[in-house]
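# Coordinate inspection notes
Residues per chain, in single letters:
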Amino acid sequence: QVQLVESGGGLVQPGGSLRLSCVASGFTFRDYRMTWYRQAPGKERELVAAISTNTIGGRTNYADSVRGRFSISRDDSKNTVYLQMNGLKPEDTAVYYCNGAAIFTGNLRDYWGQGTQVTVSS
């Protein structure tokens, strides 16, 4: 059974930090591109940060709104992807979702976690 379980969300003051974790099971984690998305109330889900497989260098990319403040990393030995969030702003408030995606023989395999709430408020 495929599972992606996020943790680490919570309430933090502006300027604070949080580290989100997403533990995967039920699929070959190292073969999947991992992405963090977020969705704020009344807004569409948006990509926050992504990391490719280590086979192709573990390349990262970020939304402009978080570049320089957030950092994505992965530990294939622990089947875990992380999102380190520093300098948090109220506009970072959202539910954060972990996604794993890969294409095998032309077919997309795409998995989602249940989300973790991040609230930035004084």
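The coordinates are above.
I will try to describe carefully the structure that is included in this document. Only a predicted model underlies this, so the values are computations on that prediction, with no experimental measurement involved.

### A closer look at the pairing of strand 3 (residues 18–25)
Sheet topology places strand 1 (residues 3–7) next to strand 3; five bridges connect them, and they run antiparallel. The residue bridging valine 5 from the neighbouring strand is valine 23, located in strand 3.

### Things to note about the sheet that holds strand 7 (residues 70–75)
Ordered by their spatial adjacency, four strands build an open sheet running 1-3-8-7, and the pairing between neighbours is antiparallel. For this open sheet the edge positions go to strand 1 and strand 7, each flanked by a neighbour on one side alone. The mean angle between the axes of side-by-side strands here comes to 15°, regardless of whether they run parallel or antiparallel.

### Focus: the state of the cysteines
Under the defined criterion, the tally for this structure stands at one disulfide. Between the sulfur atoms of cysteine 22 and its disulfide partner cysteine 98 the distance amounts to 2.1 Å. Here cysteine 22 and cysteine 98 share a disulfide; its torsion about the S-S bond, -80°, makes the bridge left-handed. Separated by 76 residues along the polypeptide, cysteine 22 in strand 3 and cysteine 98 in strand 9 (residues 94–104) bring together distant segments of the chain. According to the relative accessible area criterion, cysteine 22 is buried, its value standing at 0%. A residue is classified by how much of its surface remains accessible, and cysteine 98, at 0% relative accessible area, is buried.

### Here's the deal with the nonpolar core
Trp36, Val81, Leu83, Met85 and Tyr96 are the most contacted members of the largest nonpolar core, which has 30 residues in total. When residues of this core are traced back to their parent elements, those giving at least two are strand 3, strand 4 (33–39), strand 5 (46–51), strand 7, strand 8 (80–85), strand 9 and strand 11 (116–120).

### Quick word on the pattern of salt bridges
Inspection of the entire model under this criterion finds five salt bridges. Two residues, aspartate 92 and arginine 38, come together in a salt bridge whose shortest N-O distance is 2.9 Å. Linking aspartate 92 in the loop between strand 8 and strand 9 with arginine 38 in strand 4, this pair joins segments that are 54 residues apart in sequence. Across the pair, exposure class does not vary: aspartate 92 and arginine 38 are buried alike.

Thresholds applied
Residues numbered from 1 in each chain as written. Predicted model: local features only at pLDDT ≥ 70, side-chain atom pairs only at ≥ 80, totals over all residues. Heavy atoms only, no water. Pairing = 2+ DSSP bridges. Helix = DSSP H or I, 4+ residues; strand = E, 2+ residues; numbered from the N terminus. Axes fitted to C-alpha atoms, helices over the stretch in contact; angles between N-to-C directions. Disulfide = S-S within 2.5 Å. Buried < 20%, exposed > 50% of the residue type's maximum accessible area, 1.4 Å probe, protein only. Core = buried A, V, L, I, M, F, W, Y, C linked by side-chain atoms within 4.5 Å. Salt bridge = Lys/Arg side-chain N within 4 Å of Asp/Glu carboxyl O.

From the geometry alone we can't say anything about function, so treat these as descriptive.
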